[in-house]
Amino acid sequence: MSNPGLLKIGGATEEMMSRLTPEFTIHELSEISDLDAWAREHGASVEAVMTNGHDGVPPAVMAALPNLKAVSGYGVGYDAVDTDACVARGIKVSHTPNVLNGEVANTTLLLLLAGLRNFRHDEAWARSGDWEAKGNAPLSNSPDGKTIGILGLGRIGQEIADRLSVFNPTIVYHTRTKKDVPYTYYADLVEMAKACDVLVCITPGGPSTSKIVNKDVLEALGPKGMLINVSRGSVVDEDALIAALDSGKLGLAGLDVFEREPHIPDALKASDRTVLLPHVGSATHETRAAMGALTVDNLLQWKADGSLKTPVPECAHL
Ligand code: NDP
């Protein structure tokens, strides 16, 4: 029997490909110039898709694969995959939970320190000769002892809280449901922002969190407050963020994610009050290897017995 077809959307490591190549007939979406023509020849043979958190499975691609049975996502966030459409067709979807918790927490700490300790400006001061020419760099702010609000206290949010403990913070959080944790719960995000020095966003994307960090939340955080977004760009109202930073109603923003990636608005790039990263929350060799291994494990398990190792909750019943 021939190997099932696998459509690959987005990148993969050599290690991933070396495990997949003997097991699947692999098609690369980026190499398909005419989707309809390709679908007529190969669409029916493709039973699995491997994709990432940014590209998902575009509707035209879903429609071109009548026998699609499994989608393995290379990432924990799956807001780019239409899970309703997948469930309706009986297509199973998996993602890569837990293996990236530590790295995204590291990225959060990086943004926190870079922002509060003025890393961009101090590094430029050292490099440019300003130290010799102008004297000592301006003082910065300590990360110690701050009140830090976590918006989304799930797998990664909890790891962020754990790793922040070296700074002796007061941790508070907002989620839709109260958790069994030793931190103060705020049912209202604006009220939490008022109480915080730093607000860390680490919810999933999608409709339920779209722009929940709005003008009111940003202004409640205040002129000395810092916003850190390592979740999805859609969670923060980017226009309101730019306005709050420009007017000084918000102090600082550390951002790994943006509304229209890879585009970053010029106002955020030009601002003195921002630390910007190109969506690298989990992007280390070590963590991508672990995510890649789990992405492939899901596909191989599905090929062996039709089940997925780490299905997304919406599809776990399939
Ligand atoms: P989890 O599902 O473990 O946690 C999600 C948390 O968000 C839960 O505490 C949940 O609690 C809360 N939440 C969900 N919806 C809402 C809402 N509408 N309002 C308030 N809180 C909400 O996910 P993970 O921790 O594993 O991952 C979180 C997200 O981080 C991913 O979905 C992804 O978008 C992002 N991410 C970003 C990365 C990067 O590179 N920057 C890398 C990896 C992940 P409750 O259900 O009670 O509301």
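Since we're looking at a predicted model, the values are computed, not measured.

**Q** Account for the site of the ligand, with residues named and values stated.
**A** Looking at the ligand, there are 26 residues lining it, with Arg155, Ile156, Arg176, Thr177 and Lys179 nearest. At 3.2 Å from an oxygen atom of the ligand is found a main-chain nitrogen or oxygen belonging to Leu153. Gly281 places a polar main-chain atom, nitrogen or oxygen, 3.4 Å from an oxygen atom of the ligand.

**Q** Describe the UniProt feature "domain: D-isomer specific 2-hydroxyacid dehydrogenase NAD-binding" (unreviewed entry) in the chain, with residues and values.
**A** UniProt records the feature "domain: D-isomer specific 2-hydroxyacid dehydrogenase NAD-binding" (unreviewed entry) for residues 110-281 in the present numbering. Taken end to end, residues 110-281 has its terminal C-alpha atoms 10 Å apart, with 35% of it in helix and 16% in strand.

**Q** Would you mind going over the domain arrangement of the chain in detail, with residue names and values included?
**A** Assigned domains within the chain: domain 1 (5-97 + 286-315) and domain 2 (100-276). The C-alpha-based centres of domain 1 and domain 2 are spaced at 33 Å. Taken together, the ten residues of domain 1 in the interface contact eight residues of domain 2. A buried area of about 740 Å², summed over both sides, lies between domain 1 and domain 2, and 56% of it is on carbon and sulfur atoms. Considering only the surface of domain 1 that becomes buried against domain 2, Val76, Asp79 and Thr287 emerge as the three largest contributors, covering 52% of it. Inspection of the region where domain 1 meets domain 2 yields one salt bridge.

**Q** Pulling in residues and values, what's your account of the nonpolar core?
**A** One finds Leu20, Leu112, Ile150, Ile160, Leu164, Ile228 and Val230 to be the most contacted residues of the largest nonpolar core, which totals 43 residues. Considering every element that reaches this core, the biggest residue donor is helix H5 (residues 101-116), with seven residues. Per-domain counts for this core show at least three residues from each of domain 1 (5-97 + 286-315) and domain 2 (100-276). Those residues in contact with Leu20 that sit more than four places away from it in its chain are Leu6, Ile26, Met50, Val296 and Leu299.

**Q** Explain the pattern of salt bridges to me, and be specific about the residues and the numbers.
**A** A side chain of one charge can pair with a side chain of the opposite charge when the charged atoms of the two come close. Evaluation of the coordinates by the stated rule reveals 14 salt bridges. The partner of Glu191 in a salt bridge is Lys194, and the shortest N-O contact between them spans 3.0 Å. Taken together, the positions of Glu191 and Lys194, both in helix H9 (residues 189-195) and three residues apart, correspond to about one turn of that helix. Assessed through its relative accessible area of 39%, Glu191 is described here as partly exposed. Relative accessible area serves as the criterion here: at 53%, Lys194 is assigned to the exposed category. The partner of Lys269 in a salt bridge is Asp266, and the shortest N-O contact between them spans 3.8 Å.

**Q** Describe in detail the pairing of strand E4 (residues 70-74), supporting the description with residues and values.
**A** Among the five residues in E4, five count as buried, and that is most of the element. Since E4 and strand E5 (residues 92-94) lie parallel, the crossover through helix H4 (residues 83-88) that links them has a hand, and here it is right-handed.

**Q** Please give an account of the sheet that holds strand E9 (residues 198-201) that cites residues and values.
**A** Strand order in this open sheet of seven strands is E8-E7-E6-E9-E10-E11-E12, and the pairing throughout is parallel. With partners counted over all chains shown, the strands left at the sheet margins are strand E8 (184-185) and strand E12 (274-276), one partner each. The pairing of strand E6 (residues 147-151) with strand E7 (residues 170-174) spans five bridges and is parallel. Within the sheet, the bridge partner assigned to Gly149 lies in E7 and is Val172. Sheet strands touched by H5: E6, E9, strand E10 (226-229), strand E11 (252-255) and E12. Its angle to E10, the strand with the most contacts, is close to 150°. Contacting E6, E7 and E9, helix H8 (residues 155-164) runs over the sheet at an angle of about 165° to E6.

**Q** Give me the lowdown on unusual backbone geometry, citing residues and values where you can.
**A** A cis geometry characterises the amide bond from Glu261 onward to Pro262, with omega recorded as 10°. With a phi angle near 60°, Asn118 is a residue other than glycine that sits in the positive phi range. In this structure, Asn118 sits in the loop between H5 and helix H6 (119-128). For His279, which is not a glycine, the phi torsion comes out positive at approximately 50°. Looking at the element boundaries, His279 is found in the loop between E12 and helix H13 (285-305).

**Q** Kindly report on the packing of H5 against H8, identifying the contributing residues and their values.
**A** Where H5 meets H8, the closest approach of the two axes is 8 Å, and the angle between their N-to-C directions is 55°. Relative to H8, H5 is oriented oblique. In the crossing of H5 with H8, the sense of the turn from one axis to the other is right-handed. Between H5, through Asn101, Gly102, Val104, Ala105, Asn106, Thr108, Leu109 and Leu112, and H8, the contact on the second element is made entirely by Arg155, Ile156, Glu159, Ile160, Arg163 and Leu164. Within the contact of H5 with H8, the residues separate by chemical class into seven nonpolar, four polar and three charged.

Cut-off values and rules
- Residues numbered from 1 in each chain as written.
- Predicted model: local features only at pLDDT ≥ 70, side-chain atom pairs only at ≥ 80, totals over all residues.
- Heavy atoms only, no water.
- Near = heavy atom within 4 Å.
- Polar contact = N/O pair within 3.5 Å; in protein donor to acceptor, adjacent residues only side chain to side chain.
- UniProt positions renumbered as here; feature names shortened; annotations may be inferred.
- Helix = DSSP H or I, 4+ residues; strand = E, 2+ residues; numbered from the N terminus.
- Domains from an automatic or database assignment.
- Contact = heavy atoms within 4.5 Å.
- Buried area = accessible area lost by both parts, 1.4 Å probe.
- Salt bridge = Lys/Arg side-chain N within 4 Å of Asp/Glu carboxyl O.
- Core = buried A, V, L, I, M, F, W, Y, C linked by side-chain atoms within 4.5 Å.
- Buried < 20%, exposed > 50% of the residue type's maximum accessible area, 1.4 Å probe, protein only.
- Right-handed = clockwise from strand over helix to strand, strands pointing away.
- Pairing = 2+ DSSP bridges.
- Axes fitted to C-alpha atoms, helices over the stretch in contact; angles between N-to-C directions.
- Parallel < 35°, antiparallel > 145°, perpendicular 65-115°, else oblique.
- Left-handed = near helix turned anticlockwise from the far one by under 90°.
- Nonpolar A, V, L, I, M, F, W, Y, C, P; charged D, E, K, R; others polar.

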